Amino acid sequence: MDIYNEVEDQKRDISQYQDRYIIKIANQSDFKYLPDIIDEINRSAKERETGIVDRTVGYLKRKINEGFAVIIIDKNNNEWVAFSSLEVWFHDRYVSNTALIVRPKYRGNGLLKILKTRIVQLAKELFPNATLFSLTASPAILKANLQLGYTEVPFDYFRNDELFIEGNESEVDYFQLMNKGFNAEGKYVAMILDLKTIA
């Protein structure tokens, strides 16, 4: 895969959406959306039996204050459309996508890839030497990850990595999910994207 051309394509994809949507780093003016975003994240997790812990408004406020969150807003009605944030291992070796959600009525029109593209760009800006980690069983996220250049890796890749084990202070217990192995939608897949390979 030509990573440079892939990134350029992603930038063009985003530009095509900017007439209707605001795609930005979230800030405190977006706190008003958080209760509804939390409700949707937790409802979706329970519906899909993902095993992901419940999120809180306080958790997402913390991510926004750290500059670790991206939000998409519909210019036509000022509704939130999609949200995601970054979880960072304390030594900055690994970064993961967390609290990723697209509002149900906006699904199926490419916005998940736009959200993922912007959060990858943010991770690259903040942690250029890190590896972006994803653990998911969602077919839509798997597809977006592949389009963004992620590659699948076996769980042992992380079980044998002391930096991964020691540095993860996330609210998500990734090893518990790996050991669980399956949810309602199928097998969890672990994927990585080396941010150093992105222009």
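Residues numbered from 1 in each chain as written. Predicted model: local features only at pLDDT ≥ 70, side-chain atom pairs only at ≥ 80, totals over all residues. Heavy atoms only, no water.

Q: Would you mind going over the confidence of the model for the protein in detail, with residue names and values included?
A: Summarising the model, the protein shows a mean pLDDT of 83, and 78% of its residues fall at 70 or more. Within the protein, strand S2 (residues 69-74) carries the highest mean pLDDT (98), whereas strand S7 (residues 182-183) carries the lowest (48). Within the model, pLDDT remains below 50 along residues 1-8, and this stretch shows 10 contacts once partners closer than five positions in the same chain are excluded. (pLDDT = per-residue confidence, 0-100. Helix = DSSP H or I, 4+ residues; strand = E, 2+ residues; numbered from the N terminus. Contact = heavy atoms within 4.5 Å.)

Q: How would you explain the environment of Ser 96 if you had to name every residue and give the values?
A: With respect to the helices and strands, the residue Ser 96 is situated in strand S4 (residues 94-102). Once the C-alpha coordinates of Ser 96 and Phe 133 are considered, the two residues, 37 residues apart in sequence, prove to be 4.8 Å apart.

Q: An account of the pattern of salt bridges is requested, with residue identities and associated values reported.
A: According to the stated counting rule, one finds 10 salt bridges in the structure shown. For Asp 36, the salt bridge is made with Arg 103, and the minimal N-O distance between the two is 3.4 Å. Here Asp 36, found in helix H2 (residues 34-48), pairs with Arg 103, found in the loop between S4 and helix H4 (111-126); they are 67 residues apart in sequence, far enough to count as distant. For the salt bridge of Glu 125 with Arg 118, the shortest nitrogen-to-oxygen distance reads 3.5 Å. (Salt bridge = Lys/Arg side-chain N within 4 Å of Asp/Glu carboxyl O.)

Q: How would you summarise the sheet that holds strand S9 (residues 189-194) if you had to cite specific residues and measurements?
A: The strand order S1-S2-S3-S4-S5-S9-S6 describes an open sheet built from 7 strands, whose pairing is mixed. Whereas interior strands pair on both sides, the edge strands pair on one side only; in this sheet they are strand S1 (21-25) and strand S6 (151-153). When the angles between neighbouring strand axes are averaged without regard to direction, this sheet yields 25 degrees. Of the pairings in the sheet, the one linking strand S5 (residues 131-136) to S9 comprises 6 bridges and is antiparallel in character. Looking at the pairing, Thr 131 lines up with Asp 194 of S9. Across the sheet, helix H3 (residues 57-65) is in contact with S2, strand S3 (80-88) and S4; its angle to S3 comes to roughly 75 degrees. (Pairing = 2+ DSSP bridges. Axes fitted to C-alpha atoms, helices over the stretch in contact; angles between N-to-C directions.)

Q: Break down the pairing of S5 for me, citing the residues and quoting the values.
A: In terms of burial, S5 is a largely internal element, 6 of the 6 residues being buried. Residues Thr 131, Phe 133 and Leu 135 of S5 are buried on one face, and the alternating residues Leu 132, Ser 134 and Thr 136, pointing to the opposite face, are buried as well. In the classification by handedness, the crossover that spans S4, the intervening H4 and the parallel S5 is right-handed. (Buried < 20%, exposed > 50% of the residue type's maximum accessible area, 1.4 Å probe, protein only. Right-handed = clockwise from strand over helix to strand, strands pointing away.)

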